[in-house]
Every structure is written in C-alpha cells, then in structure tokens.
Amino acid sequence: MADIHAIGAVSRSLQNLLSDRMDKPNDIASFDVTVGLPSPLAEDDGPEPARLNLFLYMVLENEFLQNHDPSAHPGDPGRPPLSLDLYYLVTGFGTVNETSGTTTAQTEVIAHYLLGSAMRVLYDYPVITSDLEDDAGERILEKSLRDDVELVKVTLDPLGLDELSKIWMGLGEPMRVSAAYAVRMALIESQGPRRQSPPVTERRIHVGRLRRPTITRVYRRPSAGELEGDGHLAIGEILRIEGENFVAAETWVVLERLDPIKVTPTSATRIELTVPDATYPDSGDPIAEDQLLQAGVRSVRVVVAADSEAVVGGALDKGDVVDGQSVMSSNSGVFQIVPTVTNVDPPDDLGSPAVLAVEGTRLFAPGLSSDVIVGDLSIPVQPMDPDAAPPDPWADPTSTRVEVSLAALRHDPVPLAKGVYSVRVQVNGALSRETTQTFEVTS
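Residues numbered from 1 in each chain as written. Predicted model: local features only at pLDDT ≥ 70, side-chain atom pairs only at ≥ 80, totals over all residues. Heavy atoms only, no water.

1. What to know about unusual backbone geometry
Peptide bonds are mostly trans, and most non-glycine residues show a negative phi. This is how the line gets drawn: Counting from the N terminus, the helices are the DSSP runs of H or I reaching at least four residues and the strands are the DSSP runs of E reaching at least two.
Pro390 follows Ala389 through a cis peptide bond whose omega is 0°. Examined against the element boundaries, Pro390 turns out to sit in the loop between strand S22 (377-380) and strand S23 (401-405). Phi at Glu256 is positive, roughly 50°, even though this residue is not glycine. As for its position among the elements, Glu256 is in the loop between strand S13 (250-255) and strand S14 (261-263).

Here's what the structure looks like:
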C-alpha cells in the first residue's frame, strides 16, 4: 500500500500516461506534460510554448471508505488507510502566429489540440493498471501504487462555468479553456499503532429454549360496558399488555426507569399490572422520588428469563457444563399517564383572592408544564414566589393539590359567564379524563 508518496505517485502516473499516449499536432515539433500551476510560459511576448498542464486543485477524503480497510481481512485489527479522491484541472497551452491580410496575431489553437488529445487518452484509459507500459517498456503506473488493491480510476468531472471561474480567479490567472477530472483513489497507510483485540479468556455457549416476547398492544383494562383500547391511564388503574411469549420461568415488566416488576402473566399473550404510585406492587419497596411515573407518554417492556445450560471453557468439542439463565427483552410499547381530578374547592366569588384548589393525582411535577382548565380557559399552575409583594394567594403546588388564581378571569377577553364549568388538569401534554368535578360561576 502507498505511503506519503501516494498523491505524487498518482500525478506522476497521469503525467507518464499522457506523455506516452497523446498525439502530437502537426503544427508543433514537440510538447511537454507538466504538473503544477497553470501559468503561461510565454517568452518575450512571442508564441507560447506547447504544453499540457496537470493542476491538482482539490483533495477530498473518500466518504465511502472512511472505515474500510480494502487490504485487510474481516476482523483484522488496525486503523484503515486514508482514502483520497484527487481533482485535477487539465489545461492546454501553446500559441502560433497567424497572419490575416496585414494583421498578425497569436492563436491558441495548439492549446485546443493538446486538450483534445489529452481527453482522448483519459477516455481510452479510464483505469491505469499496473501492467500498462510506455513505448520504452517502462511501467506507466508508479511503483508505490502497483500493489494497491484499489485501482487508479480517472473520470471526467464536468465543472460549470461558475466553478471554473472561481478556480482561475483564485489563481490570479486569465481563464483558459480546461477540463476537470477526478481520480479515485489514493491510499495512504496510517502509521498509528494497531490496536490488538484482547484474547478470548473464556468460551461460554448457552443452550436453552426461549422465544423473544413481543408487545402488540398496551391499554387500560376497560370497565364494564367500555370499549377496550384506551391508552390513557391514571395512577392505580390496570395496565393491560397484549402480545406473545410472555410465559417463562420468570417474567418482569419494566416501566420507564423503574426497576423490573415481577409479574405472573394471565396467559402467554396477556399481562395485567396496576400502574404503581409510590411503591413497587411486587415487593412493596418504595420507589425513588426521581423515578416516580409522571404524567405524559411512557414506555413499557416485557422481560422473560428461563433456565439454560452453558458449556464453559475448553475447545469447541470439550468443556464443563454449568447452569445458566437466558434473558430476552421485548420491543417497547407506549401508553399515556394522565392526571386525575378528585375534588375541586372553588372560591365564593371571583374577587380577590379568588383561589381555586384542585385535588387529585399527578397534578404537578417540577420541570413539567401544568395547567388547570376551567371550561375552555387555561390557567398555568405556578409555584409560590416567597419574595412577591403582596404575597401570592396560592400555595405551592404538589403532586396531589394545586391552587390557581381566578381573579384574572374577570379581565380576560372572554370572561366566564354565569354557569357550571368542568375542571380538568393538563400536565406534560396529558389531559385528565372527563369528570364530574365542576366549578360554578354565580355572578
């Protein structure tokens, strides 16, 4: 594989190919193929020498081979080589004096001949192989590229007038007719240390019969007369999980970040579980405060485990048999925990302080938006500001009780008219279900 000479070796190989295969126009005795800036080489304002120039104007990493080592076997350790795409500008030079009547001027037709000849060669030889030789029997492809598994491939890379103009403007030279080519690719081997994979210290092969569980539906267990399929649940309601392969030696349900909850499936296709509040239903242990299930969309998984045997150590046909356990997890199902409103304590009137108290479950949690909805009007739940003057008339919100001020409703563009209004709470985008809790405006 090529080293740091790879870029130069590609340029030299192109130079060798063009010098050997290009046709010479009849109007000139000889011409050169150069590699460098495309600057004219006119002498004393006379005719410009015939020349074809290769200018490497851009080098990019090949994005498709960033993590691929074409010379390595699968699984070999080590860092892949740097794979580069090279972009060349091919420009013809050469003028002759032509006389028309009494006027003598220089014409660039020689440069056009050379450019056309070079494009014909690159069209006939899009791949520079290691066995390609010049007229003297010398290999055209440079030595450092001959063992690469990736071939040097040349393709026309059409550039628009705007892109060509930017290149010549950056060079500070008058624009000349040119052709752009992309060469893929040059490989530069990394000198970074190769990372060796650690040896296998122990072989362990598990044998057991266990199928991965799958969740197909998650919803609230319906009451008598209700249709099943409602994915909105309150704390304390029954979560029903449907799927397959739930029966195993041990089965757990994982709700969000809670510890796995051990359950006994009602069948191979159904599990029912009470949505826990502050304690685990299987053990009675308390749930950490920062792990409590809050209102909003939540995920659920089913994990099953079964006893298995394992062969440990030795060659592939030998080893010790030990008892083990195979564990598999299902896909994730989703449901929504909604707040509940169990009691409403309204003020006597809408004058100051006019505080409406709402009691229920999962009404508020730090970091989650919470609103009390009276009829069609939404009132944000706000923590009490201890430095407010005058003091806020409402108490600090908790998970089970929130208070909001109703005084502003009298100044709302759509004030509440007399009547009875339902009271609901929305937390983290989850809206409490319709309840019989109401708020009445009498004046």
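Here the narrative resumes, following the displayed structure.
2. Structural notes on the sheet that holds strand S10 (residues 214-220)
We apply this condition: We treat two strands as partners when DSSP finds at least two bridges between them. Here, axes are lines fitted to C-alpha atoms. For helices the fit covers the stretch in contact, and angles between N-to-C directions go from 0 to 180 degrees.
If you walk across this open sheet you meet the three strands as S10-S12-S15, and the pairing is antiparallel. Every interior strand has two partners, whereas the edge strands, S10 and strand S15 (270-274), have only one. Averaged over neighbouring strand pairs, the angle between their axes works out to 20° when direction is ignored. One ladder, built from six bridges, connects S10 with strand S12 (residues 238-244); its direction is antiparallel. Looking at the pairing, Val218 lines up with Ile241 of S12.

3. A look at the environment of Arg433
To keep things clear, this is the line we draw: We call two residues contacting when some pair of their heavy atoms lies within 4.5 Å. By the criterion applied in these results, polar contacts are pairs of N or O atoms within 3.5 Å in which, for protein atoms, one can donate a hydrogen and the other can accept it, and in which residues neighboring in sequence qualify only through two side-chain atoms.
Position of Arg433 relative to the elements: it lies in the loop between strand S25 (430-431) and strand S26 (438-441). In sequence terms Arg433 and Leu233 are 200 residues apart; their C-alpha atoms lie 9.3 Å from each other. Apart from the residues within four sequence positions on either side, Arg433 is in contact with Arg220, Asp230, His232, Leu233, Ala234, Glu237, Val338, Pro339 and Arg424. In this structure the side chain of Arg433 is engaged in a polar contact, spanning 3.1 Å, whose partner is the backbone oxygen of His232. A polar atom in the side chain of Arg433 sits 2.5 Å from the side chain of Glu237.

4. Digging into the sheet that holds strand S2 (residues 51-61)
As summarised here, the arrangement of the six strands in space is S1-S2-S3-S8-S7-S6, forming an open sheet in which the pairing is mixed. Edge positions in the open sheet fall to strand S1 (32-35) and strand S6 (127-128), since each of these has one partner strand only. Strand direction decides the pairing type here: S1 and S2, joined by four bridges, are parallel. Residue Thr34 lies in a different strand from S2, and its bridge partner there is Asn53.

5. Digging into the nonpolar core
This is how the line gets drawn: In this text, buried Ala, Val, Leu, Ile, Met, Phe, Trp, Tyr and Cys residues form a nonpolar core when linked through side-chain atoms within 4.5 Å. For the exposure calls, accessible area comes from a 1.4 Å probe over protein chains only, and a residue counts as buried if that area is under 20% of its type's maximum, exposed if over 50%, partly exposed in between.
Judged by nonpolar contacts, the single largest core of 36 residues is most densely connected at Val10, Leu14, Leu18 and Met22. Elements with a minimum of two residues in this core: helix H1 (6-21), S2, strand S3 (82-93), helix H2 (109-124), strand S7 (152-156) and strand S8 (178-188). Sequence-distant contacts of Leu18, defined by excluding residues within four places in its chain, comprise Val33, Leu52, Leu54, Ala118, Val121 and Leu122.

6. Observations regarding the packing of H1 against H2
Note the threshold: Throughout, the term roughly parallel applies to angles under 35 degrees, roughly antiparallel to angles over 145, roughly perpendicular to angles from 65 to 115, and oblique to all others. The hand of a helix crossing depends on one turn: near helix anticlockwise from the far one by less than a right angle means left-handed, and clockwise means right-handed. Throughout, the ten residues Ala, Val, Leu, Ile, Met, Phe, Trp, Tyr, Cys and Pro are labelled nonpolar, Asp, Glu, Lys and Arg are labelled charged, and all others, Gly among them, are labelled polar.
Closest axis-to-axis distance for the H1/H2 pair is 10 Å, and the angle between their directions is 115°. Accordingly, the angle class assigned to the pair H1 and H2 is roughly perpendicular. For H1 against H2, the interelement crossing comes out right-handed. Touching Leu14, Leu17, Leu18 and Arg21 of H1 are Ala118, Arg120, Val121 and Leu122, all from H2. Grouping the constituent residues of the contact of H1 with H2 by class yields six nonpolar, no polar and two charged.

7. Points about the packing of aromatic side chains
What counts is decided by this rule: Any two of the Phe, Tyr and Trp rings considered here, Trp counted by its six-membered ring, make a pair once their centres fall within 6.5 Å; the pair's planes then place it as stacked at under 30 degrees, edge-to-face at over 60, or tilted in between. Comment: the charge-over-ring label is applied if NZ (Lys) or CZ (Arg) is within 6 Å of the ring centre and within 35 degrees of the ring normal.
Using the criterion set out here, one finds one aromatic pair in the structure. Their ring planes at 55° and their centres at 6.4 Å tell us that Tyr57 and Tyr87 sit as a pair that is tilted. Here Tyr57 is found in strand S2, whereas its partner Tyr87 is found in strand S3, with 30 residues between them in sequence. Assessed through its relative accessible area of 21%, Tyr57 is described here as partly exposed. For Arg51, the ring lying beneath its charged end belongs to Phe93, and the centroid distance is 4.2 Å.

8. A short note on the pattern of salt bridges
Cut-off, in case you're wondering: A pair is scored as a salt bridge if a Lys or Arg side-chain nitrogen falls within 4 Å of a carboxyl oxygen belonging to Asp or Glu.
Scanning all chains against the criterion turns up 23 salt bridges. The salt bridge partner of Asp124 is Arg120, with a shortest N-O separation of 3.2 Å. Linking Asp124 with Arg120, this pair stays in helix H2, spanning four residues, or about one helical turn. A relative accessible area of 30% places Arg120 in the partly exposed class. Between Lys166 and Asp162 there is a salt bridge, with its nearest N and O atoms 3.5 Å apart. Highlighted residues: Lys166 and Asp162, both in helix H3 (residues 161-171), separated by four residues, approximately one helical turn. The exposure classification of Lys166 matches that of Asp162, with both residues exposed. Each of Arg217, Arg221, Glu228, Arg240, Glu242, Arg270 and Glu272 takes part in a single network of salt bridges with overlapping partners.

Interpretation in functional terms is not warranted from these geometric data alone.
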